[in-house]
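# Descriptive structure summary
Here is how the chains run, residue by residue.
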Amino acid sequence: MEPKPSPRLTAINQPFLRGSNRDELWLQRCVQPACRKFVFYPRVCCPHCGAGALTWEQATGRGQVVSFSRVFRPQHESFFPEAPYYFIAVRLSEGPLFFSRLDHQGLPVETNLIGRQVRAVFVQHTPEQRLPLFELC
Ligand SMILES: [Zn+2]
């Protein structure tokens, strides 16, 4: 079986990926006093006000599911052993929308996840990289 696709480490996403390897969720935050919004995914400027200066802060890892889909046939064969799984959109408590998967051992199939509180848990994605999934609180 092919290995899982691995995120490419760049100067822009490095704090997020290194934080994930320490089981910490890190987000960018706009430095403009009138904005100060959190930003995810990593980028070079603030999508809210256009400011070119973003800093990094550790996030709580907490959020709420706003959408989900149960995946029976993943697009990459390396995920087949984990299917079926829930692909989820989480509104982080800091504001950004974060797409991930739910760690869902033993969850009934018909569970409605909308509005459920979740927290980040970190799993070994590849030998070099840990990434956040979420579990129900
Ligand atoms: Zn901003």
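On to the overall build of the chain. Scanning the chain for helices and strands turns up one helix and eight strands. Each helix and strand of the chain, ordered N terminal to C terminal, gives the series α-β-β-β-β-β-β-β-β. Its C-alpha atoms give the chain a radius of gyration of 16 Å, within 12% of the compact-globule value 14 Å for 137 residues. The C-alpha extent of the chain, read off along each of the three principal axes, is 45 × 35 × 25 Å. A fraction of 50% describes how many contacts in the chain between residues 6 or more apart in sequence connect residues 24 or more apart.

This part is about the pairing of strand β6 (residues 97-102). Taken together, the six bridges between strand β5 (residues 85-92) and β6 define a ladder with antiparallel strand orientation. Bridge pairing in β6 links Y86 to L102. Linkage of β5 to β6, two consecutive antiparallel strands, is achieved through a turn of four residues, within which G95 is found at a positive phi near 120 degrees.

Turning to the environment of Q58, a few remarks are in order. Among the structural elements, Q58 can be located in strand β3 (residues 54-58). Residue classification places Q58 among the exposed positions, given that 12 C-beta atoms sit within 10 Å. Spatially, the C-alpha atoms of Q58 and G19 are 8.4 Å apart, while their sequence positions differ by 39 residues. Once residues lying within four places of it in the same chain are set aside, the contact partners of Q58 are E24, L25 and W26.

The subject of this paragraph is the nonpolar core. Ranked by size, the top nonpolar core spans 19 residues in total, and within it I88, V90 and F134 carry the most contacts. Listed by contribution, the elements that provide at least two residues to this core are β1 (26-30), β5, β6 and β7 (117-126). Not counting the four nearest positions on each side in its chain, F134 is found in contact with I88, V90, S100, L102, D103, V118, R119, A120 and V121.

Turning next to the sheet that holds strand β2 (residues 38-39). Spatial strand order, β2-β1-β3: three strands in an open sheet with antiparallel pairing. Only two strands of the sheet have a single neighbouring strand rather than two, namely β2 and β3.

Mapped onto the secondary structure, R29 falls in strand β1. Since 20 C-beta atoms lie within 10 Å of it, R29 is described here as buried. Once the C-alpha coordinates of R29 and E94 are considered, the two residues, 65 residues apart in sequence, prove to be 9.6 Å apart. Those residues within four positions of R29 in sequence are excluded, and the remaining contacts are R36, F38, V39, L54, T55 and E57.

Attention now goes to unusual backbone geometry. Residue F40 is joined to Y41 through a cis peptide bond whose omega torsion reads 15 degrees. Summarising the element assignment, Y41 is placed in the loop between β2 and β3. Of the consecutive residues A83 and P84, the connecting peptide bond is found in the cis state with omega at -5 degrees. Inspection of the secondary structure puts P84 in the loop between β4 (62-71) and β5. Although it is not a glycine, R36 sits at a positive phi angle of roughly 55 degrees. Along the polypeptide, R36 turns up in the loop between β1 and β2. Its 13 C-beta neighbours within 10 Å are what place R36 among the partly exposed residues.

The rules behind the values
Residues numbered from 1 in each chain as written. Predicted model: local features only at pLDDT ≥ 70, side-chain atom pairs only at ≥ 80, totals over all residues. Helix = DSSP H or I, 4+ residues; strand = E, 2+ residues; numbered from the N terminus. Rg over C-alpha atoms; globule rule 2.2 N^0.38 Å. Contact = placed C-beta atoms within 7 Å. Pairing = 2+ DSSP bridges. Buried ≥ 20, exposed ≤ 12 C-beta atoms within 10 Å, placed from the backbone. Core = buried A, V, L, I, M, F, W, Y, C linked by C-beta atoms within 7 Å.

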